[in-house]
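# A look at the structure
What follows is each chain in one-letter form.
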Amino acid sequence: MASFTKAEEAEYKAAFDSMDVDHDQFVDAIELAQVLKNLGMYQSDAQVHQLIAEVDANKNGLVEFSEFMKIVTDIKSGAKSDASGFGHVVKEQKKMIQVKGMVGQHSFSQEEMSAFAEHFNHCMRNDPDLDYLMPIDASASQLCDKVHDGVLLGQVHQHRRSRNH
Ligand SMILES: [Ca+2]
Ligand SMILES: [Ca+2]
């Protein structure tokens, strides 16, 4: 049985809380659909219900934190893969949260991230310093990985400054 450090548990609780928009301690189908849309992973309501069914051990149509932790425990112990299904959603959501933490109070939806990526690809395409990063795929996780690279952030600030003058 896999166990988690306090820090890991807090991270997962933060991921769960970010999905539980109305903070009633359940992630329902509407909330999960919104999470998927923000991540650019939404396909259909059937997909949403399938994801809930995957983790909904007590069959109430909602995801409790205990059910949520069951799946991340299974992933940690190797009993389940995070390459697809609910585990994959959790993985992507955790990345999204890390980005939120990184940029302070701001949170970005997938649409904003896509617009951001397009903006970069357009404005920075002739910047030789950034050749190795370009083009940026308009998916949140790739953009975040690349923003972690200080070069890109530096260019953003420079670009902002030059635009404001
Ligand atoms: Ca809720
Ligand atoms: Ca449940």
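Further up the page is the structure itself.
## Focus on the overall build of the protein
Of the regular secondary structure elements, the protein holds eight helices and two strands. Each helix (α) and strand (β) of the protein, taken in turn from the N terminus, gives the series α-β-α-α-β-α-α-α-α-α. Here the protein holds 165 residues, and 22% of them are scored as buried. Looking at the protein alone, contacts between residues at least 24 apart form 48% of all its contacts between residues at least 6 apart.

## A look at the packing of helix 2 (residues 29-39) against helix 3 (residues 45-55)
Between helix 2 and helix 3, the shortest axis-to-axis distance is 10 Å and the interhelical angle comes to 110°. Classified by the angle their axes make, helix 2 and helix 3 are roughly perpendicular. For the pair helix 2 and helix 3, the crossing hand works out as right-handed. Here Ala29, Leu32, Ala33 and Leu36 of helix 2 lie close against helix 3, whose contacting residues are Asp45, Val48, His49, Leu51 and Ile52. Taken together, the residues of the contact of helix 2 with helix 3 sort by class into seven nonpolar, one polar and one charged.

## A short note on the environment of glutamate 64
Mapping glutamate 64 onto the fold places it in strand 2 (residues 63-64). In contact with glutamate 64, not counting residues within four places along its chain, are Gln25 and Phe26.

## Remarks on the environment of valine 90
For valine 90, the position within the fold is in helix 5 (residues 85-102). Residue classification places valine 90 among the buried residues on the basis of 21 C-beta atoms within 10 Å. Residues valine 90 and tyrosine 12, 78 residues apart in the sequence, show an inter-C-alpha distance of 8.6 Å. Discounting chain neighbours no more than four positions away, the residues touching valine 90 are Ala15, Ile71 and Val72.

The rules we used
- Residues numbered from 1 in each chain as written.
- Chains lettered and ligands numbered in written order.
- Predicted model: local features only at pLDDT ≥ 70, side-chain atom pairs only at ≥ 80, totals over all residues.
- Helix = DSSP H or I, 4+ residues; strand = E, 2+ residues; numbered from the N terminus.
- Buried ≥ 20, exposed ≤ 12 C-beta atoms within 10 Å, placed from the backbone.
- Contact = placed C-beta atoms within 7 Å.
- Axes fitted to C-alpha atoms, helices over the stretch in contact; angles between N-to-C directions.
- Parallel < 35°, antiparallel > 145°, perpendicular 65-115°, else oblique.
- Left-handed = near helix turned anticlockwise from the far one by under 90°.
- Nonpolar A, V, L, I, M, F, W, Y, C, P; charged D, E, K, R; others polar.

By themselves, these are just geometric observations and shouldn't be taken as functional.
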